[in-house]
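For reference, the chains in residue letters:
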Amino acid sequence: MAEAADGQVAVYIDFDNIVISRYDELHGQKAYRSDNPSRNNTAPIVKQRLLEARLDLGAILDYASSFGTVAISRAYANWADSVNRSYAEETMRRSVDLVQLFPMTGTKNGADIRLAIDVIEDLSRYPRLTHVVVVAGDSDYVALAQRCKRLGRRMIGVGANRSVGKYWRLACHEFRYYSLLPGIADPAIADSDTEVGVAAPISLVEDPAVLLVRALRLGYGKTDSDWLAASGVKVQMKRLDPSFDETALGFSNFTGFLNSVPEVIDVQTRNNGTFLRWKSSPEKSTGQPSVVAGRTAASQVGGGIPRPIIELRQQLAVPVTDGLGLEGERVCVDAIRALWQLADRDTNRNTKIGTTELATELARSGTNGALARRAAHHVLTTGLPLLLRDDSLRQTPNSELVDARDEVLQKLLRHWAANRARNRSYPESVDTGTIAVALYGNDIPEGALADLQNALDRPGYAQMVDSLGPMHLAAPVLWAVAAAVTRIPPTTPLRSLDGFAEAIAKQLRDRDDGWMLDGEQMTAAFLSLDESGVLAALGRSQPFDTTAQWSDEEVVQHVLQRWSARLNDDRLLDASDILQREAFYRIALEDRTRSDWRNWVRRLIDPSWSPQALPTL
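The written sequence of each chain sets the order in which its residues are numbered from 1. Only residues with pLDDT of 70 or above have their local features reported here, since the model is predicted, and side-chain atom pairs are shown and tallied only from 80 upward, although totals for entire chains, interfaces and linings are computed over all residues. Side-chain measures were taken over the full set of non-hydrogen atoms in the model, leaving aside hydrogen atoms and water.

Student: Which parts of the structure should I look at to understand the packing of aromatic side chains?
Tutor: When the centres of two rings from Phe, Tyr and Trp lie within 6.5 Å, Trp using its six-membered ring, the rings pair. Their planes under 30 degrees apart give stacked, over 60 give edge-to-face, and anything left gives tilted. Following the criterion strictly, the structure yields 13 aromatic pairs and no others. The interplanar angle of 85° and the centroid separation of 5.3 Å between the aromatic rings of Y63 and F67 together place this pair among those described as edge-to-face. Side by side, Y63 and F67 carry an identical accessibility label, which is buried. Their ring planes at 90° and their centres at 5.4 Å tell us that W597 and W600 sit as a pair that is edge-to-face. Only protein chains enter the accessibility calculation, which uses a 1.4 Å probe; a residue whose area is less than 20% of its type maximum is buried, one above 50% is exposed, and one in between is partly exposed.

Have a look at this one:
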């Protein structure tokens, strides 16, 4: 830590960039744009998502302080924005200088240019600065990183997973994902192909074992010794790929990672540290490790666990080292019951139940602490609709599930995992055995393979979206378009896509809600309203009938009925199937936890529905 004692650190935060990137990391690609929190931050679901994605400035600055004394800390943003204003107290408490940047065009505020100018100016004015920390994910900062290196300063990058440019990561001396900063809880992450709450694997520039092979090649080129110091190898690996972090692979330390590739190296712990030796002695003399061995190592990390299994376990929110296991699955069912008990205990509760609280409740019943935490984390990050909310946002157990037997809940967990795995890989098929190994390791319980295959044999969310094709709109966009349609003046003709797009865009602008639809979204809106009969009813080829009074719910209702009819024709939607129903809720609703809106959609797709019916699996 000598570096931390002597260093002088300057921290520059592209605040809009990291706020939006973190929101999209947790809630799905382009979620920030769809939800538009700057305008819609009073909506309950948006408020909840903002809370979940809230940045911890303290964690960022604490991490920066590990390199030395933080002498400069600046954040660049449009501080008139309501989301950014909510950080006022925290920025003052941590003495962060705020740089105001008004949007110049759309959402662009020129933060990257202003930030880069300030960095170069500060480095020339304050020669004692040793480290520059830039919190952003934009590859536009590559040139800045190169200039800092030429000036002899160390460049540290911090960014949100899935929103970081590859070349920006490589340009840094060291790069750390925000979610892996000390003090940041493991997030429930979503992406465009998976359910909300799916933990996405941290993406490295290169397979870690191949990275190890490259570092060994360089190490043996500089010494005649058979044994290399592990600390030196790690330094070389981070030079080759600044985003390398063994904790992102599920290891508590670097030695754990080294022990996971016994096919390639021997590991030896001595009094003066950990050392490793390349096994293929003929190649050590030339400093050229085997390409074949490198490929073998690349496919296996974590004690010989294939990398696809590790990535799938991260997606399914189960332990990377050994999966959930049969005992873990049983405790997950107990965790679901405990979750419902907590909700019933406080009927006025409107805050989320966290992992620690649920694990504590499980531990009271005698469950092992570590197992309780694993089960609580899995249950709370699966995306299963275990708790719903009424119009007062109070949480209540899902009435469709509370009376289900333990074996039904167990089967539901398996079906849900299979669907998430399929959504992740679609349109590529996913192997039942791979999912089973990811969940249970090599000790697969009886009936698990059949349950997983049964789930894969039935269509899910990915197939539904594929079937809707160019008609498909994300739920927030659909509702925004519906509201805009009802406000179009009666004299406005909608004879073509161009006319429709102009009228909708004007309504969205006039409402000043920040919505900007791209060409693909506008085409999907036009097709959906046309095929559902909305435009014909309102006069698509002539001025609107002034007697027509439609609400946005009626517009959405017609669209959803058209969508469900198509899915029924394609045999992709069985309203009695809870998993297919949940997939359609995801398509139709901004907030799938609102019981009143779920019931509304349920009646649209299943007029014979009885609220007392148990789930069909």
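Student: Please clarify how the sheet that holds strand β7 (residues 227-229) should be interpreted in this entry.
Tutor: Think of a sheet as strands paired side by side through backbone hydrogen bonds, with each pair either parallel or antiparallel. Strands sit in the order β7-β9-β8 across an open sheet of three strands; the sheet is antiparallel. At either end of the open sheet lies a strand with only one pairing partner, and these are β7 and β8 (265-270). On average, each strand axis in the sheet is tilted by 30° relative to the strand beside it, whichever way the strands run. Strand pairing is assigned whenever DSSP detects at least two bridges linking the two strands. Only DSSP runs of H or I covering at least 4 residues are called helices, and only runs of E covering at least 2 are called strands; the numbering of each starts at the N terminus. Inspection of the sheet shows β7 paired to strand β9 (residues 273-278) by three bridges, in the antiparallel sense. Axis definition: a line fit to C-alpha positions, over the contact stretch in the case of helices; interaxial angles, taken between N-to-C directions, run 0 to 180 degrees.

Student: Would you explain the nonpolar core in this entry?
Tutor: Within soluble globular proteins, side chains that are nonpolar tend to cluster in buried spots. Of all hydrophobic cores here, the largest spans 47 residues; its most connected members are L358, L386, I435 and L439. For this core, the secondary-structure elements that each account for two or more residues are α17 (307-316), α18 (325-345), α19 (355-364), α20 (369-381), α21 (406-425), α22 (432-440), α23 (448-456) and α30 (578-588). Among the elements that take part in this core, α18 stands out by supplying ten residues, more than any other. Residues count as neighbours in contact if any of their non-hydrogen atoms are within 4.5 Å of one another. Excluding anything up to four places from it in sequence, L358 contacts A335, A338, L339, L342, I353, A376 and L380. By nonpolar core we mean a set of buried residues, namely Ala, Val, Leu, Ile, Met, Phe, Trp, Tyr and Cys, connected to one another through side-chain atoms within 4.5 Å. In terms of nonpolar packing, the next biggest core, distinct from the first, is built from 45 residues, W479, V485, V555 and F584 among them.

Student: Any chance you could explain the sheet that holds strand β5 (residues 154-159) here in plain terms?
Tutor: The strand order across the open sheet formed by six strands is β3-β2-β1-β4-β5-β6, and the pairing between neighbours is parallel. Strand pairing shows two members of the sheet lacking a second neighbour, β3 (97-100) and β6 (174-177), which therefore form its edges. Averaged over all pairs of adjacent strands, the angle between their axes in this sheet comes to 20°, without regard to strand direction. Looking at chain direction, strand β1 (residues 8-14) and strand β4 (residues 131-135) are connected through five bridges and run parallel.

Student: How do you make sense of helix α9 (residues 111-125) when you look at a structure like this?
Tutor: One turn of the α-helix equals 3.6 residues, which is why residues spaced by three or four share an orientation. Any helix carries an expected span of 1.5 Å times its number of residues minus one. An ideal rise of 1.5 Å per residue puts 21 Å on 15 residues; α9 measures up with 21 Å between its terminal C-alpha atoms. Looking at α9, one finds that the buried residues are A111, L115, D118, V119, D122 and L123. What you see down the axis of α9 is that its buried residues fit within an arc of 130°, all on one side. Exposed residues pointing more than 90 degrees away from the buried face of α9 are listed as I113, S124 and R125. On its buried side, α9 packs onto β1, β2 (69-77), β4 and α10 (142-150). The arc in question is the one spanned by the directions pointing from the helix axis to the C-beta atoms.

Student: It is not clear to me how the packing of α18 against α21 should be interpreted in this structure. Could you clarify?
Tutor: Axes are the key here: two packed helices are described by the angle between their axes and the distance separating the axes. Where α18 meets α21, the closest approach of the two axes is 10 Å, and the angle between their N-to-C directions is 110°. When the axis of α18 is compared with that of α21, the two are roughly perpendicular. Facing L326, E329, C332, V333, I336, R337 and W340 of α18, the residues of α21 in contact are D406, L409, Q410, L413 and R414. Per-class residue counts for the contact of α18 with α21 are seven nonpolar, one polar and four charged. By definition in this entry, angles of less than 35 degrees are roughly parallel, angles greater than 145 are roughly antiparallel, angles of 65 to 115 are roughly perpendicular, and the rest are oblique. Polar here means any residue outside two lists: the nonpolar Ala, Val, Leu, Ile, Met, Phe, Trp, Tyr, Cys and Pro, and the charged Asp, Glu, Lys and Arg; Gly therefore counts as polar.

Student: Which parts of the structure should I look at to understand the state of the cysteines?
Tutor: The bond known as a disulfide is covalent and runs between the sulfur atoms of two cysteines. Sulfur atoms of two cysteines make up a disulfide when they are within 2.5 Å. Counted according to the given criterion, the structure contains zero disulfides. You can see C148 has no disulfide; the closest cysteine sulfur is in C172, sitting 9.5 Å from it. Judged by its relative accessible area of 0%, C148 falls in the buried class.

Student: Please clarify how the confidence of the model for the protein should be interpreted in this entry.
Tutor: Low pLDDT means the predicted atomic positions in that stretch should not be read closely. When the pLDDT values of the protein are averaged, the result is 80; 84% of them are 70 or greater. Low pLDDT, under 50, characterises residues 540-547; the stretch is placed with 22 contacts to residues that sit more than four places away or in other chains. Here pLDDT means the predictor's own confidence in every residue, given as a number from 0 to 100.

Student: What is the right way to read unusual backbone geometry from this model?
Tutor: Backbone phi values are negative for most residues with the exception of glycine, while trans is the configuration of most peptide bonds. Not every positive phi belongs to a glycine, and S95 is a case in point at roughly 55°. Positive phi, close to 55°, is recorded for R571, a residue that is not glycine. Checked against the element boundaries, R571 lands in the loop between α29 (552-569) and α30. Residue R571 is classed as exposed on the basis of its relative accessible area of 74%.

Student: How do you make sense of the pattern of salt bridges when you look at a structure like this?
Tutor: Salt bridge, as used here, is a side-chain nitrogen of Lys or Arg placed within 4 Å of a carboxyl oxygen of Asp or Glu. Inspection of every chain in the model, using the stated rule, returns 26 salt bridges. Between E407 and R405 there is a salt bridge, with the nearest N and O atoms lying 2.8 Å from each other. Residue class for R405 comes out exposed when judged on its relative accessible area of 52%. Between E531 and R562 there is a salt bridge whose closest N-O contact spans 3.5 Å. Of this pair, E531 sits in helix α27 (residues 519-531) while R562 sits in helix α29, and the two are 31 residues apart along the sequence. A relative accessible area of 23% means that R562 is categorised as partly exposed.

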